[in-house]
Amino acid sequence: MCGIVGYVGGQSALGVVLEGLRRLEYRGYDSAGVAVLASSRLLLAKKAGKLSNLEKLLAEASEAELRTGTTGIGHTRWATHGGPTDRNAHPHLSADGRIAVIHNGIIENFAKLRAELQASGVEFASDTDTECVAHLLAAELAGVAGSPQALADAMRRVCNRLEGAFTLLAVDAQAPGAVVGARRNSPLVVGRGNGENFLASDVSAFIEHTREAVELGQDQIVLITAEAIEITDFAGNPAQGRDYHVDWDARAAEKDGHAWFMLKEIAEQPQAVADTLRGRIGEHGEIMLDEVRLTDQDLRDVDKVFIVSCGTSYHAGLVAKYAIEHWTRIPCEVELASEFRYRDPVLDRSTLVVVISQSGETMDTLMALRHAKEQKARVLAICNTNGSTIPRESDAVLYTHGGPEIAVASTKAFLTQLAACFLVGLHLAQVRGVKYADEVGAVLAQLQEMPAKIEKVLAAMDPVRELGRQLAETNASTVLFIGRHVGYPVALEGALKLKELAYLHAEGFAAGELKHGPIALIAGPAGDGRAFDRGTPVVCIVPSPAGRGVLHDKIVSNIQEVRARGAHTIVIAEEGDDAVVPYADMLVRVPRTPTLLAPFVTTVPLQVLAAAIADASGHDVDQPRNLAKSVTVE
Ligand code: F6R
């Protein structure tokens, strides 16, 4: 939430910062702003709405120095304190205009700080918590000659007064050639360039310029100039960041011919799943998770697994539960991270807590992981983002190799999380000796077939896109999704995609629960002559008839029940499943897949459907309203 960029070097700071903001806009798009330091002038531009509004404003700006200045900061906002207006857009200035500040996070003691500043005569120009920091920095620097070091010292003193979560960047008109950053519970990475350095919420902002990054620790201050990167802790002691190389390039963060990032990311799923499996399966069909810093003995000691995550990552956890319990016979509970620590879960040294997060920065998940560690549980992170906070604070990490996910709605993260969860489940079964090597090998072989199967689903999506257009045209008011077993979390995921992208009421149900209430939602055709006049659309996720026959037969009955009440059934079933044909108003075929692995193929049509409805409804598919990626507030 909120994208932040800072630059010092030889290029136009405005150009570098705007390009970075373009890549970070998925983190928030309520407003955008930049501050550029030129000689000793601080030039500012900010505008409510998407980045394009700021770009329009800048195109009309007359100051040449705005383009020639080589030190700058920029921000794209997801509003917390104060509405999404011009005056609340970042950067915020100190009253004397000397300091400009941008911020991601929430300063929890801002009301007290604001009252204190107002009592000393400071007038506020915005409703934000951030503005306090600009005034506090100015107070610290009053009467002090400007220098990079003085700005870093002032930032340290101010940070020690702040409570909550924050990434802050500041520039001082009297200290050209320097940007100071600070982080607590909120992301900030450094890009190490040649004669230039960068600060950003994530590496995609500077990937075009450098792939060498430095991960900062908790409660650290970083000072960048064109030539140097200096890191200290909040007490002023020198500190070290962790250097790493980013293993993807700028092209991975481009749309590459697709109309939307989401469509590109859907198309990338076969590769993303293959990349997540690659290098983790040995010659003899055994799992190799050497990078996971948990010993075999640690895993043998586990007597309970909790999976904790949010949104789509939570749905991945729900699928994983079926596999982990089936393969390992260890009880596995799945929890929403935002609820986990508040209900005092029973955790101890033999509990394995698996936290799943694409971004690695989700605050709810981070707080849950800290709670788990306090209770002495072992924490394993499944994460897509190198250098992020969640893997850094976990005991162990398994990275998904999905590449950058830029669309706000998660797609390839989900499938790669499934792959990673299945590897963890099989690894647990392998080290605990509850599955023979050939059994583990057989499932791994099936997993390795998933990329080709996903590819096959993708190649047959035209009818689903057409259905999406019809649903958009007719303003369908609700869409229901039903599934059983692993098809149930897939139903939840399909409904989530539709809500967030198409702004359409959608709900996922365990098919067996329908008769306990939700079936009352089903209505037959209204007969009012609208184009999609076919009754409530119900998407039915059907398990393989080759798996547990009972499961399959039960859902076929559920489909008949909803159809008998006038629903329009959109049935997702595997090739050769003829039992569903009489009850399917629309049939979407997916390749034959073992029951536990079916979500790899059944989720894809639901992603395509949601994107198609959103696109046909004229919505921004990548940046749905009210949302932002990487939710760094609780
Ligand atoms: C939905 C979506 C969100 C995220 C959730 C967790 O499409 O993207 O529900 O899945 O905010 O995010 P991560 O995985 O980054 O922790």
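Here's a quick rundown of the structure. Please read these numbers as outputs of a predicted model, since none were measured by experiment.

Considering the overall build of the protein chain
From N to C terminus, the protein chain includes 20 helices and 24 strands. A globule of 634 residues ought to have a C-alpha radius of gyration of about 26 Å, and the protein chain, at 26 Å, matches this closely. If you line up the protein chain on its principal axes, its C-alpha atoms span 80 × 65 × 45 Å. Sorting the 634 residues of the protein chain into buried and exposed places 62% on the buried side.

Re the environment of H485
Here H485 is to be found in the loop between β20 (478-483) and α18 (487-502). Its relative accessible area of 15% is what places H485 among the buried residues. Between the C-alpha atoms of H485 and P543, which are 58 residues apart in sequence, the distance is 8.2 Å.

Observations concerning the side chain of T76
Within the secondary structure layout, T76 lies in strand β4 (residues 71-77). Residue classification places T76 among the buried positions, given a relative accessible area of 1%. Only 2.5 Å separates the side chain of T76 from the backbone oxygen of G28, close enough to count as a polar contact. In this view, T76 contacts C2, G3, L21, L24, E25, G28, Y29, S31 and A32; residues no more than four positions away in its chain are not counted.

Quick word on the packing of helix α4 (residues 110-119) against helix α5 (residues 130-141)
At their nearest, the axes of α4 and α5 sit 10 Å apart, and the two run at 45° to each other. Considering their axes alone, α4 and α5 lie oblique with respect to each other. Note that α4 runs across α5; the crossing there is left-handed. Residue-level contacts link F110, L113, R114 and L117 of α4 to C132, H135 and L136 of α5. Its residues assigned to classes, the contact of α4 with α5 shows 5 nonpolar, 1 polar and 1 charged.

Comments concerning the environment of R329
Checked against the element boundaries, R329 lands in the loop between α10 (311-328) and β16 (332-336). On the basis of relative accessibility, which here comes to 64%, the residue R329 falls in the exposed class. Separated by 308 residues in the primary sequence, R329 and L21 have C-alpha atoms spaced 47 Å apart.

Here we look at the side chain of S313
Summarising the element assignment, S313 is placed in helix α10. Residue class for S313 comes out buried when judged on its relative accessible area of 8%. A polar contact of 3.0 Å, which involves the side chain of S313, links it to the side chain of Q417. Residues within four places of S313 in sequence aside, it is in contact with I356, S357, Q358 and Q417.

Regarding unusual backbone geometry
Along the chain, H90 connects to P91 via a cis peptide bond; the corresponding omega equals 0°. Within the secondary structure, P91 is located in the loop between β4 and β5 (92-93). The phi dihedral of H485 falls on the positive side, at around 55°, and the residue is not glycine.

Some thoughts on the pairing of strand β1 (residues 3-8)
Across the 6 residues that make up β1, a large majority, 6, are buried. The side-chain alternation of β1 yields two buried faces, one formed by G3, V5 and Y7 and the other by I4, G6 and V8. The pairing of β1 with β4 spans 6 bridges and is antiparallel. Along β4, the bridge assignment pairs V8 with T71. Bridge count for β1 against strand β10 (residues 197-200) is 4 bridges, and the pairing is antiparallel.

Rules behind the numbers
- Residues numbered from 1 in each chain as written.
- Predicted model: local features only at pLDDT ≥ 70, side-chain atom pairs only at ≥ 80, totals over all residues.
- Heavy atoms only, no water.
- Helix = DSSP H or I, 4+ residues; strand = E, 2+ residues; numbered from the N terminus.
- Rg over C-alpha atoms; globule rule 2.2 N^0.38 Å.
- Buried < 20%, exposed > 50% of the residue type's maximum accessible area, 1.4 Å probe, protein only.
- Polar contact = N/O pair within 3.5 Å; in protein donor to acceptor, adjacent residues only side chain to side chain.
- Contact = heavy atoms within 4.5 Å.
- Axes fitted to C-alpha atoms, helices over the stretch in contact; angles between N-to-C directions.
- Parallel < 35°, antiparallel > 145°, perpendicular 65-115°, else oblique.
- Left-handed = near helix turned anticlockwise from the far one by under 90°.
- Nonpolar A, V, L, I, M, F, W, Y, C, P; charged D, E, K, R; others polar.
- Pairing = 2+ DSSP bridges.

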